[in-house]
Amino acid sequence: MRWPQNKLPYISGYQFLIIANTATAEAAFRVGKLDVFGSMPVPDALNMIKTNPEVVVKQVPRGDELSLDPRNDVAPFNNINVRIALQHAINIPLIASSYYQGYATPWPASLTENQMGVGGWGCAYPDWPQSTKDEYTFDTTLSKKMLADAGVAGLKTDLVLESDADLDLYNIVQSELADVGITMSTQLMSSASWQSYVMTSHKYDALCARNQGILGFNFDIFRQFMRFTPGYQANYILVNDPVMTKFNNDALAAQSIDAVKQLLHDANLYAATQHFAISLAQPSLFNMAQPWIKGNPGGQVLGNNRLGYPAIVWLDQNLKKSFGH
C-alpha cells in the first residue's frame, strides 16, 4: 500500500457546492459544515486562520492579476494617456504589502502571469524596459498632470462591479482615484447580470471589474493571444488593436514552440506599453481543509481550488467527532 498510514475506506464521493454568498460559505466552513474551501481571498483566509487555527492551509497563486478595466473604444479611455494616468494613481506595492499583508505579487502584469514569464513564457515585469516600468510607478502628481493635459481633470466616471469581486480592494481604488481628482461611482451586479451587461451586450461605457482580472493569466497560451482581439468574448473592454491581432494570427501560423514563445514575449511587452487595463495586484488564494480530511502526503489534500486527489482522501471520523461534528 502506497500510504499505509491512511485508514480505509477512502471516500466514495463528495459534493462540490456552489454557494453564491461568500460570507455564507465561509461561515459554513468555520463551524464545520463544509469540509473543504477553495480559493479563499487573503483577508478572509487570514481571519479564518485566527479563528480556526486547526484548519489545513495551502497558499496558491492566482491565475490572474486583479485589474480595473476601462472600455477602450470610448472617450476618455480610448486615450492611452488617460489610461496611463489611472495607472499612476494606483499604488500597487502598497496594496500588496498593506491590504494583502504581503500575500501578493507587488508587480503589474501584462498578458501572462509574471511567474510564467520568469519561466520563459511571456515577459515578467523585472524584464520590462525601464521606460515601460516608469509608466507603472505610483505618482499622483504626474497622474494629475496627464489628466489635465488630456482635458479630463476632475473626471467623473462609473464602475460596473461584479458583486462577488473584492469590494474592499475597489474601495481602495476608488479612494486612490479620488486623490487625483477622479470621482468614481460604483454599480454592483450579480455575476450573471454583470456578464450579460458587460460581456454580452457591452452596455457599460466607462469602467468595469470582476472577481478575476483581465491580465496576468496562466492558462492556454493561444487564449492569451486572443485576449485582446476583436470578437473574442473575453475582450469585453473592446480592444481593437491591429498589432495585437497580428500577434494572434502569427502565433496560429507559427511552426515551432520557440516561435510561439518569442511572439508571446513580444505581445506581453507590447500590451504592457498600451495599458489596455489597469493593473492592481496579484494576491494569493488559500485552499483550506478541515483537520479530519486526510490524504496526500502529510494530510495535505488540497489541489488548486478543490480536493487534489479525492480517490486517496479519507475522513478521520474519530477526529471529526472530537470537534463536535
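See the structure printed just above.
Residues numbered from 1 in each chain as written. Predicted model: local features only at pLDDT ≥ 70, side-chain atom pairs only at ≥ 80, totals over all residues. Heavy atoms only, no water.

(A) Representation of the overall build of the protein chain in the model. Each helix and strand counted, the protein chain has 13 helices and ten strands in total. Relative to the globule expectation of 20 Å for 325 residues, the C-alpha radius of gyration of the protein chain, 22 Å, shows essentially globular dimensions. In terms of overall dimensions, the protein chain has a C-alpha envelope of 70 × 50 × 35 Å along the principal axes. Within the span of the protein chain, comprising 325 residues, buried residues form 47% of the whole. Look at the contacts in the protein chain between residues 6 or more apart in sequence, and 74% of them connect residues 24 or more apart. (Helix = DSSP H or I, 4+ residues; strand = E, 2+ residues; numbered from the N terminus. Rg over C-alpha atoms; globule rule 2.2 N^0.38 Å. Buried < 20%, exposed > 50% of the residue type's maximum accessible area, 1.4 Å probe, protein only. Contact = heavy atoms within 4.5 Å.)

(B) Just the side chain of Arg210, in detail. Relative to the assigned elements, Arg210 resides in the loop between strand 7 (207–209) and helix 10 (221–226). Those residues in contact with Arg210 that lie beyond four places of it in its chain are Glu162, Ala165, Tyr170, Trp194, Gln195, Met199 and Tyr236.

(C) Fine view of the pattern of salt bridges. Summed over the entire model, instances satisfying the criterion amount to five salt bridges. One salt bridge connects Asp149 with Lys145, and the closest N-O pair in it is separated by 2.8 Å. Of the two residues, Asp149 and Lys145 both sit in helix 7 (residues 140–149), four residues apart, roughly one turn of that helix. You'll find Asp149 and Lys145 in the same group, each marked exposed. Across the pair Glu162 and Arg210 runs a salt bridge, and its minimum N-O distance is 3.5 Å. Taken as a pair, Glu162 in strand 5 (residues 156–162) and Arg210 in the loop between strand 7 and helix 10 lie far apart in primary sequence, 48 residues in all. Each member of the pair, Glu162 as well as Arg210, is classed as buried. (Salt bridge = Lys/Arg side-chain N within 4 Å of Asp/Glu carboxyl O.)

(D) Examining helix 7 more closely. Restricting attention to buried positions, one finds in helix 7 the residues Ser143, Met146 and Leu147. Relative to the axis of helix 7, the buried residues are bounded by an arc of 100° and lie together on one face. Summarising the geometry of helix 7, the exposed residues directed more than 90 degrees from the buried face are Thr141, Lys145 and Asp149. Buried residues belonging to helix 7 abut helix 3 (80–88). Put simply, Asp139 is the residue that caps the front of helix 7, since its side-chain oxygen is 3.3 Å from the backbone nitrogen of Thr141. Backbone geometry just downstream of helix 7 places Gly151 in the positive-phi region, at approximately 80°. (Arc of directions from axis to C-beta. Polar contact = N/O pair within 3.5 Å; in protein donor to acceptor, adjacent residues only side chain to side chain.)

(E) Molecular detail of a nonpolar patch on the surface. A contiguous nonpolar patch, built from Tyr14, Phe16 and Ile18 and spanning about 380 Å² of accessible area, is present on the exposed surface. You can see Tyr14 is positioned in the segment before helix 1 (22–30). Given the relative accessible area of 39%, Tyr14 is considered partly exposed. (Patch = residues over 30% accessible without salt bridge, like charges linked within 9 Å, V, L, I, M, F, W, Y side chains within 5 Å. Areas by Shrake-Rupley, 256 points an atom, 1.4 Å probe, with all protein chains shown as cover.)

(F) Region of interest: the packing of aromatic side chains. According to the stated counting rule, one finds twelve aromatic pairs in the structure shown. Relative to Phe37, the ring of Phe29 lies with its centre 6.2 Å away and its plane at 70°, an arrangement referred to as edge-to-face. Here Phe29 matches Phe37 in class, with each residue buried. An aromatic cluster of at least three residues, connected via ring pairs, comprises Trp107, Tyr125, Trp128 and Tyr136. Seen from the ring of Tyr125, Lys133 lies directly overhead, with NZ or CZ sitting 5.2 Å from the centre. In this arrangement the basic side chain of Arg223 is found over the ring face of Phe219, its NZ or CZ atom lying 4.0 Å from the centre. (Phe/Tyr/Trp six-rings, centres within 6.5 Å; stacked < 30°, edge-to-face > 60°. Lys NZ or Arg CZ within 6 Å of the ring centre and 35° of its normal.)

(G) Inspection of the nonpolar core at higher detail. Judged by nonpolar contacts, the single largest core of 48 residues is most densely connected at Leu68, Leu86, Tyr100, Tyr170 and Leu177. When neighbours within four sequence positions are excluded, Tyr170 is seen to be in contact with Leu66, Ser67, Leu68, Leu159, Leu161, Ala165, Met184, Ala209, Arg210 and Leu280. Within the second largest apolar cluster, 27 residues are counted, among which are Met199, Ile221, Leu263 and Ala271. (Core = buried A, V, L, I, M, F, W, Y, C linked by side-chain atoms within 4.5 Å.)

(H) Just the packing of helix 3 against helix 7, in detail. Between helix 3 and helix 7, the least distance of the axes is 8 Å, while the angle of their chain directions is 155°. Relative to helix 7, the element helix 3 lies roughly antiparallel. Where helix 3 crosses over helix 7, the handedness of that crossing is left-handed. Residues Asn81, Val82, Ile84, Ala85, Leu86 and His88 of helix 3 pack against Thr140, Leu142, Ser143, Met146 and Leu147 of helix 7. (Axes fitted to C-alpha atoms, helices over the stretch in contact; angles between N-to-C directions. Parallel < 35°, antiparallel > 145°, perpendicular 65-115°, else oblique. Left-handed = near helix turned anticlockwise from the far one by under 90°.)

(I) Focus on the packing of helix 11 (residues 242–253) against helix 12 (residues 257–274). For the pair helix 11 and helix 12, the least separation of the axes is 10 Å and the interaxial angle reads 170°. With respect to each other, helix 11 and helix 12 are oriented roughly antiparallel. Residues Val243, Met244, Phe247, Asp250 and Ala251 of helix 11 pack against Val260, Leu263, Asp266, Ala267, Tyr270 and Ala271 of helix 12. Class assignment of the residues belonging to the contact of helix 11 with helix 12 gives a composition of nine nonpolar, no polar and two charged. (Nonpolar A, V, L, I, M, F, W, Y, C, P; charged D, E, K, R; others polar.)

(J) Spotlight on the environment of Gln101. By the element assignment, Gln101 lies in the loop between helix 4 (92–99) and strand 4 (104–105). Linking Gln101 and Ala27, residues 74 residues apart in sequence, is a C-alpha distance of 22 Å. Leave out the neighbours within four places in its chain, and Gln101 touches Leu46 and Ala96.

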